[in-house]
Structure formats: C-alpha cells, structure tokens
Amino acid sequence: MARRSSGAWPALDACGDRDSRPMRRPLMSNDSSAQAETRRRRRLKPLTAGVAAAGVAAILVAGTVAFRSGGNGEVRQTPDVAVLAGPLADQEPAWEACEFHDDGPPLPGADLSNVECATIKVPRDWHDPDPEVTWDVRISQARNIDPTDPDYRTTIITHPGGPYASGLSYSTTVQMYTPELRPTTNYVSFDQRGLGQSSHAECAYEYDPADGRSAEAQAIGEACSQDADVATMTTEQAAYDMDFIRHLLGLESVTYMGYSYGTWLGTWFGSLFSDNIERMVLDSATDSTQESIQTLYNAAHEGRDRQFRLHLMNWIARNDATVGLGTDPETIWKRYFAATSTPEQSLAALYAWNSVNGPVAFSNPVAYPMAGSLVSNIIAEGETPADPVIPVESAARIIDQTDLPDGLRAAAHERLAQLAEPPAGEPGETVRGTHDYVIEFTACTDGQWTQGLDHWEKFNERTAAVAPLSKQLGLLVTPTCAFWPTDSKMPALDDSFPETIVLQSELDSMTPFEQGWAAGTGLPNTSLIAVDNESIHGVFPYGTEEVDRPVIDFLLGGERPARTIVAAGKPLPLERFTYESWTPLDENAGHATDVPRFTDPTILAETGTLSETPAPQPSSGTPR
C-alpha cells in the first residue's frame, strides 16, 4: 500500500548575516517535485457560529463561553476551553526530557538546558468534546522564569509554519532569536495534531491512473473529506489546542509568534481567543483577511516566478564573473527557457532542481550562488546537442557540474534515483494508498476552495503563461482541495483582534508580497514592517535595527509602530550593496507601477540604509 507523506526541501533560517545563517526546515511547504500532485482536506462547522438568543442563557450557565462586544455592536464569544475539556482540564503536564527527531531538530547553537517536554490530552473534536475521545499533543517549554515572579513578562507560543513537520523544538529557536526577552519570558511550542510526536490521522484512497492526471488528487479529496479523524486535523482545532495549552500552564494570557502558515493559524487564534492573547507577531504572512487560504496558493506561482525573474536573474547578471551567463537578465531568462523548451529538457531541469534542493533559494537568498550555478548548468546542458535527450542522464550531468559539497552531491544523486522511479501504477491497475499530509488537511478545511476540475484546468493554463518556472517544477496541478467541500470559514475579524505586527519581504515567493501587505494593512490593530528588495521567507530576526528593534520593543510591552515601516534590505551574497529588483516601495509599502517584466540590475536600492553600514557611495571599481 502506498503512503503519501510530507517530503519537502529544507529551508534556511532568517537570522544573522547572509553567509552565516543556520539552515532549518521550510516555513510553509511549496513542494516543487513531481509528487506535488498528491497533496490534500475536510468539512467542519466553525466553532464560532452565532449563538441563538434562546440558547445564550444555557451556555452562560454551563460556562462554556465568555462574551465580548464586537466592533459592530454584535456580541462575540470566547470559548472557555477549560469547561469544554471537562476533566481533561485538570490534567497536570508531566514534564520530562525532550527527544527531538529528524523532522524538526533544534537549530545548531540553540540552548536546550532549560527545555522540557510533556504530552497532553486534548479533545479530539472541540465541537463535540468527549474526555474519552482524545488526541495526544506533544509540547515543549523553554522555561526561564516562574510566572508568579514579579519580573515575569509573558510566555510566547510559537509556530514555525508548514504544517508538515515537527514544531516541537521551535521554542528553543525563538528563545535563541530573542536574547533580550529571555530573562522575563518563557517559550512554548508544540507538534500540531497530525505531526511529529502528536497523534496522527490518515485516510485510505484508491484510483485508476487511466482516469487522468488529477485522478489521485480527486480520490484523496473525496476519501479524506469523509474521514472523521481527518475532520479534526484543522487550523481551528489547533487554535483551540493552543488556548488549552495556555490553560494547562496556568496562564491568563500569552503572546503568539507565527511564521508563514503560522500567520494563518495566528489569525484564527487571535479571532477566537483575543481575550487571552497579549500581542502577536506574524512573519511572512498569508492574506488572512480572505475566507480561505486558496488565495495564497494561487498567488505563490506568480510570486515564485517573480523572484526568479527579477531577483535571481538580476543577481546572476551582476555576478557574471562567477556565474558566467552575461550581464543582461532578460537574455539569461530567455536562454534558460530556450534550453528547457522540450518536454525532455524540462523534465531534466525539474529533476535537477529537486535533486539538489534548488528551490531552497526561493526561501533564502543565501543559496543564490548554488541556484546560479544550477541555472548555468541547466542552460549549458540544454544548449549542448544530444539525441536523444534522456532526462535522468541529463539531470545527472547537471548535478555533477553544479557547485555543491560532495555530501550534498551524493544525496542529490540518491534523490534523483527516487524521482526517476516509475509511477505507482499502470493505467487500468487500481492504486491504493493512505494519505497523512496535514498541510492539505488544514488547507482544505479552513475555508471553501473552488470546486471541480474545469476551473483548475483553466487556472493552470492561464498561470502557465505568467509562471513558466512553476509550470516546469510541476506545481500547476489540480489541488486536492478542488474535490473537498467544506462549510468552514475563518471567524469574522473585529476591533477585539490582538495588537499585532506583520513582517513581510518584498520578493518572498512562498507568501508573496501582496499576501503579507494585505494582512499587515487589513487586519485590525495591526502594523506592517516591509523589507524592500528582500526575498527571505521568515524575516525576524533580520539583523538590522530598522527591522528588529520595533519587534523587540513591541514584545517587551511597547506600542506597535504607528505607521508602516519600509526597511532597507541587506545585500545579496557576494555583493556589498543592495540593488533595486522591483520598483521602490513608497511610504505605505506600495508600488507605483505594475510588476515589470525585467529591471536594470545595476540600479542601487532607494529605500533607506542599513544601520550597520554607511550609505553606499558607488565609484569606479564599486559593484553596481
């Protein structure tokens, strides 16, 4: 029986200088392998549905919810997780030494000396809680101070994004990121239900490959959307789990810091439990003003190609002495797609990108030298006559020529062998499998996606014209969510939403700029920090005062910025200065023109200067 699981590339950390940032897993999966066709979701009624007037008194007597006033005069409800959980609310976490696994190890250098873990029992379904029907949720706490100490400030619940891998060690990551906070702050993270050392759910499905390219996605969507356990693997349920963690820790309120998908989860958390949240930081944000996360997945294709075309091509053009492809980004871009124009060449490029984990560069530009070498060798391979072109052999030659450490090169060849394996079944042969991909369970149950094959075939055809790299990487596929009806949607946002800062880089490909801008300017009580000419996914800590100081001051209890901050991006690898890749952001983090096709790679950035260095003064011999 086949098992679909969460294989994706590692990403890079958002901390420190370009050349010294430690690597870690990605914040939101943007799987670019050919296996991306098989990612999937379920129906769940929102827990925040309006309470009928006749039932209000009964609910108040039961104590299940506390009420607050919404911004438009309507009464909003804050669920009381202690009452909902019944006897589970009395459990005492049994703290013990943590065991971190390979799907989410601590970052190198993280302090583990004050970290303990515990497994708690949560209601399997917060809609219909039964103390005998539970999931396990594994939590960690980096404890620095007793909450009864007068100097105690807050506990930060953290989430790394995804959700597709363990988040258990992330308390140690954020503790490492925020040394100024540590003396008065505790840090908590957890394995979201369905991941890591928490309880898992999966669903069985079957399909016939003869039914077409979307047959597996449809089979998974139709099967998983009817599975009772999968129905509890939602963002909404995870938000309830987080507030229950707060309760079990004996805390009246917490702070929240989430990255990527963690910003979507944070918005659910903030809309449901704002009475229990002091403040939030949402980094590399989804547009959580929308009713479903479909808008993010739709936007990511163009966001990826935009970074490839405007940021990476410009960097390659400026570094001709290293990469050797000339100084005109448009010419390089055209050469790349000419060299991969046949189906065989395109497949070889797909194999090469995924074998060397090349898409990591779209999460952090510290990998641009590797990506530039990869692009150069894909072009060289495609421009070398070969008849016939055998994709796996072509990809192997590209891997051999790309600048990689020997250990990574060997791993790339192993990955290539896996990618080149024949499909699971032949037409006419029923393929059976199980699916446990939590990133799809949440995506498909957090709001209704457009249903049906017809819409997505037309969408993919339109998108291919403007996102040819995404097409080549096998990402323009019909999503599982197209076959997964749901009546769930994000709770309405109002002025009770917690005080929040959103951070967003301009050329982020995984949560494109428009997504973060919409969240930063559209969520109530929220300020935006936009980093111009930056493509990193996961901004904080960025290493500049302009970006980091407002966040630290906010987490220390200060006010959020009164206006949008447009901060200067740092130079890319091998460069001394920051260059304009798109068009300058104005004071409101807006662009004056539509997205250009190409830009002059030699124009220095106009936005601000870095606090560590004087403003660049180009002169003879200075790179431009």
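About the thresholds
- Residues numbered from 1 in each chain as written.
- Predicted model: local features only at pLDDT ≥ 70, side-chain atom pairs only at ≥ 80, totals over all residues.
- Heavy atoms only, no water.
- Helix = DSSP H or I, 4+ residues; strand = E, 2+ residues; numbered from the N terminus.
- Core = buried A, V, L, I, M, F, W, Y, C linked by side-chain atoms within 4.5 Å.
- Buried < 20%, exposed > 50% of the residue type's maximum accessible area, 1.4 Å probe, protein only.
- Disulfide = S-S within 2.5 Å.
- Right-handed = clockwise from strand over helix to strand, strands pointing away.
- Pairing = 2+ DSSP bridges.
- Axes fitted to C-alpha atoms, helices over the stretch in contact; angles between N-to-C directions.
- Contact = heavy atoms within 4.5 Å.
- Phe/Tyr/Trp six-rings, centres within 6.5 Å; stacked < 30°, edge-to-face > 60°.
- Lys NZ or Arg CZ within 6 Å of the ring centre and 35° of its normal.

Chemist: How should unusual backbone geometry be read in this particular structure?
Modeler: With glycine set apart, most residues show a phi of negative sign, and most peptide bonds adopt trans. With an omega of 0 degrees, the peptide bond running from D387 to P388 counts as cis. Along the chain, P388 turns up in the loop between helix 11 (368-382) and helix 12 (391-401). In this structure, L574 is a non-glycine residue whose phi angle is positive, near 70 degrees. Relative to the elements of secondary structure, L574 occurs in the segment after strand 16 (565-568).

Chemist: Please explain the nonpolar core as it appears in this structure.
Modeler: A general feature of soluble globular proteins is that nonpolar side chains tend to end up buried together. One finds I120, F190, F244, Y256, L265, F269 and F441 to be the most contacted residues of the largest nonpolar core, which totals 78 residues. Considering each element in turn, this core owes the most residues, seven residues, to helix 5 (residues 235-248). L374, I399, L469 and F598 belong to the second-largest nonpolar core, a separate cluster that totals 42 residues.

Chemist: Looking at this structure, how should I read the state of the cysteines?
Modeler: Here, disulfide denotes a covalent bond that connects the sulfur atoms of two cysteines. Enumeration over the complete set of coordinates arrives at three disulfides. Across the disulfide from C98 sits C117; the S-S distance is 2.0 Å. On the sign convention where negative means left-handed, the S-S torsion of about 105 degrees between C98 and C117 marks this disulfide as right-handed. Residue C98 is located in the loop between helix 2 (81-85) and strand 6 (115-123), and its partner C117 is located in strand 6; the two are separated by 19 residues in the primary sequence. Taken as a pair, C98 and C117 share a single burial class, namely buried. Each bonded cysteine of the protein chain is numbered by sequence order, and under that numbering the disulfide pairs are 1-2, 3-4, 5-6.

Chemist: Is there a simple way to explain the pairing of strand 8 (residues 154-159) in this structure?
Modeler: Residues in a regular strand project their side chains so that they alternate between the two faces of the sheet. Counting buried positions over the six residues of strand 8 gives six, a clear majority of the element. With burial as the criterion, each face of strand 8 is covered, one bearing T154, I156 and T158 and the other bearing T155, I157 and H159. Regarding the hand of the β-α-β motif, the stretch spanning strand 8, helix 3 (residues 170-177) and strand 9 (residues 185-190) is right-handed. Taken together, the four bridges between strand 8 and strand 11 (residues 254-259) define a ladder with parallel strand orientation. Counterpart to H159 in the pairing with strand 11 is G258.

Chemist: Explain the sheet that holds strand 14 (residues 499-505) here, please?
Modeler: The pairing of strands in a sheet comes from backbone hydrogen bonds and takes either a parallel or an antiparallel form. Spatial strand order, 6-7-9-8-11-12-14-15-16: nine strands in an open sheet with mixed pairing. For this open sheet the edge positions go to strand 6 and strand 16, each flanked by a neighbour on one side alone. Averaged over all neighbouring strand pairs, the angle between strand axes comes to 20 degrees, with direction disregarded. With respect to the sheet, helix 3 is in contact with strand 6, strand 7 (134-142), strand 8, strand 9 and strand 11, its orientation differing from that of strand 9 by roughly 145 degrees. Lying on the sheet, helix 5 is in contact with strand 6, strand 7, strand 8, strand 9 and strand 11; it crosses strand 6 at an angle near 120 degrees.

Chemist: What is the right way to read the environment of I439 from this model?
Modeler: With respect to the helices, strands and loops of the structure, I439 is situated in helix 14 (residues 438-445). Residue I439 is classed as buried on the basis of its relative accessible area, which comes to 4%. Distance from I439 to G194, taken between C-alpha atoms, is 9.5 Å for residues 245 residues apart in sequence.

Chemist: Looking at this model, I keep getting lost on the packing of aromatic side chains. Mind explaining?
Modeler: Two numbers describe a pair of aromatic rings. These are the distance of the centres and the angle of the planes. One pass over the full model with this rule turns up 21 aromatic pairs. Between Y240 and F273, the aromatic rings sit 5.1 Å apart at their centres with planes inclined by 80 degrees, giving edge-to-face as the arrangement. Highlighted residues: Y240 in helix 5 and F273 in the loop between helix 6 (261-272) and strand 12 (277-283), separated in sequence by 33 residues. In this structure an aromatic cluster arises from ring pairing among F308, W333, Y336, F337, W353, F362 and F598. Looking at R124, its charged tip hangs above the ring of W135, at a distance of 3.9 Å from the centre. Seen from the ring of W333, R597 lies directly overhead, with NZ or CZ sitting 5.2 Å from the centre.

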